[in-house]
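Structural features, examined
Take a look at the letters that make up each chain.
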Amino acid sequence: MASVSLLKSDFLCFKLLYESSSRTLRLLATPILCAMMVVLTSCSNFDREFTVRSANSTVEIYTDGTAFVSEFFDIAVKQSVNYGGVYVDIPQRFTDASGGVHWRDFELAAARRDGRDEYYSRENNVPGYAIYIGEEHCKDCSANLPTGLTKIQIAYWLGRLVRQEGDREVLFLPAYMGRVHGQAAKKTLTLKLPPGGTIRPSQQDREAAYDIMRSAPNEILVSIPAGKGDRALPDIEIEYPAGTFVTITSGKRVEWWLSDHFLPFISILGPLIAGLFVLFRWQGWRSPASLIAVDIKMTKNISPALAAYLFRNWKKDAAKAAFMASVCQLAVKRMLRISSLDEDAEASSLFPKQERKKGKPGRSRWYALPAATRLVFGHIEGQRPAGDRRRVVLARRASRDELHKAVAGEYLKFRGKDRWSSVAIFSILVMGIVLAWFSGLLLLSTAICGILLLSLIAVMAFLHPERLSGQTDARQAFTFFVTFPGLAIVALVYIGTTEVISEQWPYLMAILLHIAGIIAVLATSRRPTPKQRQMRSNMLILERYFRGEIDGPVMSVECYEHYLPFAVALDVEQRWTERFNLWRESEKMETYAPDWRSSS
């Protein structure tokens, strides 16, 4: 029913080589371990360290369709330095006569060595479990089994061994004992059955892969001769009249159906979540914003500097317009006086510092300004004055990078928390981890993700070398130039030396799709949110309003001054001023001399 193997014998070689390293080389532990991993494939294997002399299984079948299995393996330990234990593979995945794949229940009852309870651990795999029985591998203990003969015993419960075929019930027992290592080992399988069973004739007519005989009225002995190891043997099927076994309840059938489709379900669920997320976001990008008029509330909540960047779609030439729009806003808010709205402008009568201090009347007026606008004021204030005047162009050159950073921070605040992206990434990640765990591919998947992450770090370092040109201490340099390549070597060696069985390949492909789905969601989540797209749409509509192409707020002195910084940001200040002058003429307002303008 099970098979014995040494899936991780390379660990012993790794352990011995590591323990031989001197304490003085601890600083170089990572590159040394990475180099060691390259030679792991030449280390010991199962056949060199152990020999399976015999394998005997006893399977007692009950009328509820379950079985209690007790297996004994006589193993000869040939080398004093060995892995310390063996893996017993318990298959749970089976295929019925119609080709349907099902999952057999399993529950471990005992793991013993030489009649005593022994340390054990279990690992998942697509066909079932791999149970390690032997010495525990730890930092300060020896994990070698003594040479000579040792007996490994494992006992467990199996369920779901009966299927319905018409008016008959069929008990099926896959002969996995044929895959026990060691062709010289003799394998026997004793079946204790409920009365009334008949071995299917098709089994008797098939070419004998093993010997079957009745050793008692309700007992069958299956003998697999020596020299027939490591091969897939035909299943043993025994027919019973209907009603021999306990009738399966509908609840149990639902539980079985869920267990059968669990791995395929989570295999497609992660990529499905990623696909739906990208599809909905893609439709959101393509659909135009629903704004058909100027959103007055939105213009009160964003800075003119952000309006300049939104209107120009974050191109480099937006920096100048963003700065001048902020200067204009400072002027109309009476924070300073300005001679003109071009680069040759000079600022004077700056809002005094004492008015911005805590408890002063002007404090609320100062902090009502956007952060980008206050930043521009600070750079103008920092320029050396000529009398009471400061040249604006000098402040613009000094504030370019900081202004862009402040505007980007303001833009991100309007993005809000993209909870759907976080939920999608978390869901796909959980599905991928569960799939990797139950398919026995968790370490392999971790190695693949590590390679992808390290590759991304290397690409970012190549594209942005200036991020590495700053001061770095020895530990950071060691991490980047030694540890990262070392981890990449370890991951590549593990990927190259790990055997993926045929049943695992579909799930490995599904795990790769989960990784691709997370990358797609991350790439999609960087796109503007609907609120951010509405903000840019509002800037386009506002520009049409300034030109007089659509209706908007009623013109007045207050309206003109409120929107003038945005007109500067959208490069339509001249057209907006012409509309204001036409309005003044219609209102018979002869002069307009704002107190925020100073003579040149």
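Because the structure is a prediction, the values reported are computed rather than measured.

Definitions and limits used
Residues numbered from 1 in each chain as written. Predicted model: local features only at pLDDT ≥ 70, side-chain atom pairs only at ≥ 80, totals over all residues. Heavy atoms only, no water. Pairing = 2+ DSSP bridges. Helix = DSSP H or I, 4+ residues; strand = E, 2+ residues; numbered from the N terminus. Salt bridge = Lys/Arg side-chain N within 4 Å of Asp/Glu carboxyl O. Buried < 20%, exposed > 50% of the residue type's maximum accessible area, 1.4 Å probe, protein only. Expected span 1.5 Å × (residues − 1). Contact = heavy atoms within 4.5 Å. Polar contact = N/O pair within 3.5 Å; in protein donor to acceptor, adjacent residues only side chain to side chain.

1. Here's the deal with the sheet that holds strand E19 (residues 337–338)
Read from one edge of the open sheet, three strands run E19-E20-E21, paired in antiparallel fashion. Of all the strands in the sheet, the pair left with one neighbour each is E19 and strand E21 (390–391). Pairing between E19 and strand E20 (residues 346–348): two bridges, direction antiparallel. Each residue of the ladder has a partner; that of Arg 337, found in E20, is Ser 348.

2. Some thoughts on the pattern of salt bridges
What the rule picks out here adds up to 14 salt bridges. The partner of Arg 113 in a salt bridge is Glu 118, and the shortest N-O contact between them spans 2.4 Å. For the pair shown, Arg 113 and Glu 118 are each scored as buried. For Glu 165, the salt bridge goes to Arg 163, with nearest N and O atoms at 2.6 Å. Glu 165 sits in the partly exposed class, given a relative accessible area of 26%. Through salt bridges that share partners, Arg 113, Glu 118 and Glu 135 make up one connected network.

3. Re helix H8 (residues 318–332)
Counted at 1.5 Å a residue, the expected span for H8 with its 15 residues is 21 Å, and the 21 Å between its end C-alpha atoms agrees. Counting buried residues along H8, 14 of its 15 residues qualify, which places the element largely inside the surrounding structure. Taken from the residues just after H8, Arg 334 is the one with a positive phi, measuring 65°.

4. So, the sheet that holds strand E12 (residues 162–165)
Taken together, the four strands give an open sheet; going across it, the order is E12-E13-E18-E15, and neighbouring strands pair in antiparallel fashion. If you trace the sheet from one side to the other, it starts and ends with E12 and strand E15 (198–199), each paired once. Here E15 runs beside strand E18 (residues 236–241); their pairing, made up of two bridges, is antiparallel. For Ile 199, the partnering residue across the bridge sits in E18 and is Ile 238.

5. A closer look at helix H16 (residues 530–546)
Look at H16: 24 Å from first C-alpha to last across 17 residues, which is about the 24 Å you get at 1.5 Å a residue. Of all the residues in H16, the buried ones are Gln 532, Met 535, Ser 537, Asn 538, Met 539, Ile 541, Leu 542, Glu 543, Tyr 545 and Phe 546. In this fold, the buried residues of H16 make contact with helix H6 (296–301), helix H7 (304–311), helix H11 (392–415), helix H17 (557–569) and helix H18 (573–586). Gly 548 lies just past H16 and shows a positive phi near 85°.

6. Describing the side chain of Ser 54
If you trace the backbone, Ser 54 turns up in strand E2 (residues 50–61). A polar contact of 2.7 Å, which involves the side chain of Ser 54, links it to the side chain of Asp 74. Here Ser 54 is in contact with Phe 72, Phe 73, Asp 74, Ala 185 and Lys 186, once residues within four sequence places are set aside.

7. Here we look at unusual backbone geometry
Positioned with a positive phi, Trp 314 is a non-glycine residue whose angle comes to about 65°. For Arg 334, which is not a glycine, the phi torsion comes out positive at approximately 65°. Inspection of the secondary structure puts Arg 334 in the loop between H8 and E19.

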